[in-house]
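# An overview of the molecular structure
Next come the chains, spelled out residue by residue.
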Amino acid sequence: MPRKAVVTGMKRILVVDDDQHIGNLLEEALRAEGYGVSRAYSGTEAQLLLEREKPDLVLLDLMLPGLSGEALLPRLSGIPVIVVSAKAGVDDKVKLLLGGAADYVTKPFSPSELVARVDAVYRRVAQFSQAAEPNFSEELRSGAFALNLRNRSFTKNGRPIELTQVEFQIMEYFISNAGKALKRIDILKHVWGSGYVGEEKIVDVNIRRLRMKIEDEASSPRHIVTVWGVGYRWDQ
């Protein structure tokens, strides 16, 4: 089955889904909003395509012939991925988000919701691109932690810790508001944007992942503290 060509000059999205009807629906909605779209119908085909070109974002189904979506996801490091799947269980969503997905959309979906999710991810990427400005240089420090906003690095006692784009933005928000109780909805709006239409639970999933990376004991966090009935607080 032939792939659709990427439209030069547009933000490029790779749609990986073996269901031609759903793929057509995604492509139509995205092209209507000005995005360029490439198509792959299996994980193996997507992997071959990615060796030749790098999209700006991937929409990834999980139940694919050949290489599955779950197996492909870890190989998409550095590319924002939105999982689009019929798997609706909370455990499935948590697993994929912990595995590096930027977002998770459950089938069946509204095309307008899907486009809103894509737009939200691109807004986060645009915020990252500000660090490329030559006159941009700033570092946030909090105790043993240092967050460099120019090269997007994060360290603890000088030891680098790799963060996803979402995790980096959460840490920036935390350190900039150290000692303050932050509501989940405020974290959601700051990181995912006010137009985000997903679940607040995505905040909790990313907090869990952050604790695993930065806390000495993730089960007894000293820095990312739960404020019951409110949200979270950063303590240095």
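Cut-off values and rules
- Residues numbered from 1 in each chain as written.
- Predicted model: local features only at pLDDT ≥ 70, side-chain atom pairs only at ≥ 80, totals over all residues.
- Heavy atoms only, no water.
- Salt bridge = Lys/Arg side-chain N within 4 Å of Asp/Glu carboxyl O.
- Helix = DSSP H or I, 4+ residues; strand = E, 2+ residues; numbered from the N terminus.
- Buried < 20%, exposed > 50% of the residue type's maximum accessible area, 1.4 Å probe, protein only.
- Pairing = 2+ DSSP bridges.
- Axes fitted to C-alpha atoms, helices over the stretch in contact; angles between N-to-C directions.
- Contact = heavy atoms within 4.5 Å.
- Right-handed = clockwise from strand over helix to strand, strands pointing away.

## Thoughts on the pattern of salt bridges
Oppositely charged side chains can pair when the atoms bearing their charge come close. Enumeration according to the criterion identifies 13 salt bridges in this entry. The residue Arg184 makes a salt bridge to Asp204 at a minimum N-O spacing of 2.7 Å. One end of the pair, Arg184, is in helix H7 (residues 184-192); the other, Asp204, is in helix H8 (residues 201-214), with 20 residues separating them in the sequence. A relative accessible area of 24% means that Arg184 is categorised as partly exposed.

## Concerning the sheet that holds strand E1 (residues 12-16)
An order of E2-E1-E3-E4-E5 is seen for the five strands of this open sheet, with the pairing classed as parallel. Of all the strands in the sheet, the pair left with one neighbour each is strand E2 (36-40) and strand E5 (103-106). Between one strand axis and the next, the sheet turns through 20 degrees on average, direction left out of account. Along the sheet, helix H1 (residues 20-32) contacts E1, E2 and strand E3 (57-60); its crossing angle with E2, the most-contacted strand, is approximately 165 degrees.

## Some remarks on the pairing of E1
Put simply, side chains in a regular strand alternate between the two faces of the sheet. For E1, the buried fraction is high: four of the five residues fall into the buried class. Here E1 pairs with E2 via five bridges, running parallel. Paired with Val15 across the strands is Arg39, a residue of E2. You can see the chain leave E1, run along H1 and come back into E2, and the turn it takes is right-handed. By the bridge criterion, four bridges tie E1 to E3 in an arrangement that is parallel. Within E3, the position partnered with Leu14 by the bridge is Val58.

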